[in-house]
Amino acid sequence: MTDKNENQEAFLGMFMNCFTFRLAKGIELSNENNNYKIISTSPMRIIRLNKALYEIIKYLITGHKLYELIKNQSPLQIKSISSTILSLVSKGYLEIECNPECNCEENYPFITVVIPVKNRRDEIGDCLNSLVKLDYPKDKYEIVVVDDGSTDDTKQVVNAFNVRLISQPVSRGPAFCRNIGVKEANGEIIAFIDSDCTSNPAWLKQLIPYFAFNGIGAVGGFVQNYYSKSALDKYETAYSSLNMGKRLLFDSDSRSSFYVPTCNLLVRKDIFNKINGFNDDMHVGEDVDLCWRMRNTGHFLLYVPTGSVAHKHRNKLFKMLRRKFDYGTSESDLYLRHNNKEKVFPAPIYATLSYITLLIMVMYGNTKFISIIFGLLGIEFANKLLTIKKNKATEFKPLTLLWAVIKNTFSTYYYFSYHLIRYYIIPLILICLIIPLAWRDMAIMILIPSIVNYYQKKPRINFISFLIFFVMDNLFYQMGVFAGCLKIKNFRCYSLRFKI
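Residues numbered from 1 in each chain as written. Predicted model: local features only at pLDDT ≥ 70, side-chain atom pairs only at ≥ 80, totals over all residues. Heavy atoms only, no water.

Some details on the pattern of salt bridges
For the coordinates displayed, the defined rule picks out 23 salt bridges. Note that D253 and R255 form a salt bridge whose closest N and O atoms lie 3.2 Å from each other. D253 sits in the partly exposed class, given a relative accessible area of 30%. Residue classification places R255 among the partly exposed residues on the basis of a relative accessible area of 42%. A salt bridge links E342 to R497, with the nearest nitrogen and oxygen atoms 3.1 Å apart. On the criterion of sequence distance, the pair formed by E342 in the loop between α12 (317-337) and β17 (343-346) and R497 in strand β18 (residues 496-499) is long-range, its members being 155 residues apart. In this structure E342 comes out as partly exposed when scored by relative accessible area, which is 26%. Note on R497: relative accessible area 38%, which makes it partly exposed. (Salt bridge = Lys/Arg side-chain N within 4 Å of Asp/Glu carboxyl O. Buried < 20%, exposed > 50% of the residue type's maximum accessible area, 1.4 Å probe, protein only. Helix = DSSP H or I, 4+ residues; strand = E, 2+ residues; numbered from the N terminus.)

Structural notes on the sheet that holds strand β14 (residues 264-268)
Sheet strands line up and pair through hydrogen bonds in the backbone, either parallel or antiparallel. Taken in spatial order, the eight strands line up as β8-β7-β6-β9-β14-β11-β15-β13 in an open sheet, and their pairing is mixed. The sheet terminates laterally at β8 (164-168) and β13 (249-250), the two strands that pair on one side only. Bridge count for strand β11 (residues 216-220) against β14 is three bridges, and the pairing is antiparallel. Across the sheet, the residue bridging to A218 is V267, located in β14. Against the sheet, helix α5 (residues 121-131) contacts β6 (111-117), β7 (141-148) and β9 (189-193), and its axis sits at roughly 170° relative to β6. The sheet contacts of helix α11 (residues 286-296) involve β11, β14 and β15 (300-303), and relative to β15 the element is tilted by about 130°. (Pairing = 2+ DSSP bridges. Contact = heavy atoms within 4.5 Å. Axes fitted to C-alpha atoms, helices over the stretch in contact; angles between N-to-C directions.)

Set out below in structure tokens:
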């Protein structure tokens, strides 16, 4: 136990100094008469702080290093501070910047890269070519390829590289292969990548420093698209489910559904072994299951939008849709295995009533209902105004507050519409066949999330093409969800807890 703590402390000291922090755009740190606050203008929020947290934030944003602040704290206190800082970054209050070059290469940990492969002779060659070019000390990493009973020339391709090859006589699936690879690994960190991916040269060097945050069990990096020619390629580039976005993600609540895909995931080997690795019997969703089980044991999962790999997605429409269907089938199994997980749905009361009113207005084509929508906006605005006056939060002007209420209402429209399209297109179509006027609402439900995602993701295709792919994507995913529920006779993944 002492050696382990000493290793963690050394790792903490080596890499914690790589990080610098600053307030995010639109964020202000305030102290008025010992009333400590973080003020955000977009979204409009006031977060009240205790003095200790205020001093920590002030210390970091003035150029000091986090390590100097926490080096004399207990492991439990360090874990708590790390969690708090990462939460502030994830929620957009702080920005973090990492300079991995701040450390000597001799300080980097030994890493084992594990790759499961089956019948991908072309893809595995590209993958290994990228890995041998990594900007990481050559004596600090090894590559283990586990062949899952390939019947083509995959093994011959692998043997042309200076890597370890473990061959399975029969196919057992990627989860089994990854477990075998970890058993043979010498690294203290396991880096998972898929055989149809290529790595950026800075892949490992950009992700490793984040293990310095106490409590981190795994770190995932950015997954970009390898192909970029066809309309489908461009859709996947913008909207792939493997693309976790351009913001750091962190959630200390183990009940949330946060996970990172295994095509770009680094895990501490001791933590991986502690939770008994992947479930061998899972062929889809095993990465979600691993992340959830790790978080259930109190270890943190972190996603950072760097350390990228490029994924060769299925660039034929039917193969892509079939994969979306497969992803959907895993939901029922995952929620059956993890009873503590729940889908929490934001449902602000006035915005929810406004959405229902909008659907009624569109269905019947009666514009008189718009007065109700404006009335609900007015009530919400008045309530917020009273709350601000009650708490003496004079930082926000009435026009800023009104804009925040409008944005909150439209956000509710988006979340309701997206959820309905994600899980209920087929029953909605049946309703529309019975009630023809409901087609108008169906159109609204499709257009709101598709327009928002098109605007935010900025795919390099026209909106109609994006809309078609978006609808088919969600249609096949929900067909998979329903098929998976029927197969195991459990529909718990459809249950929601509304957060009023």
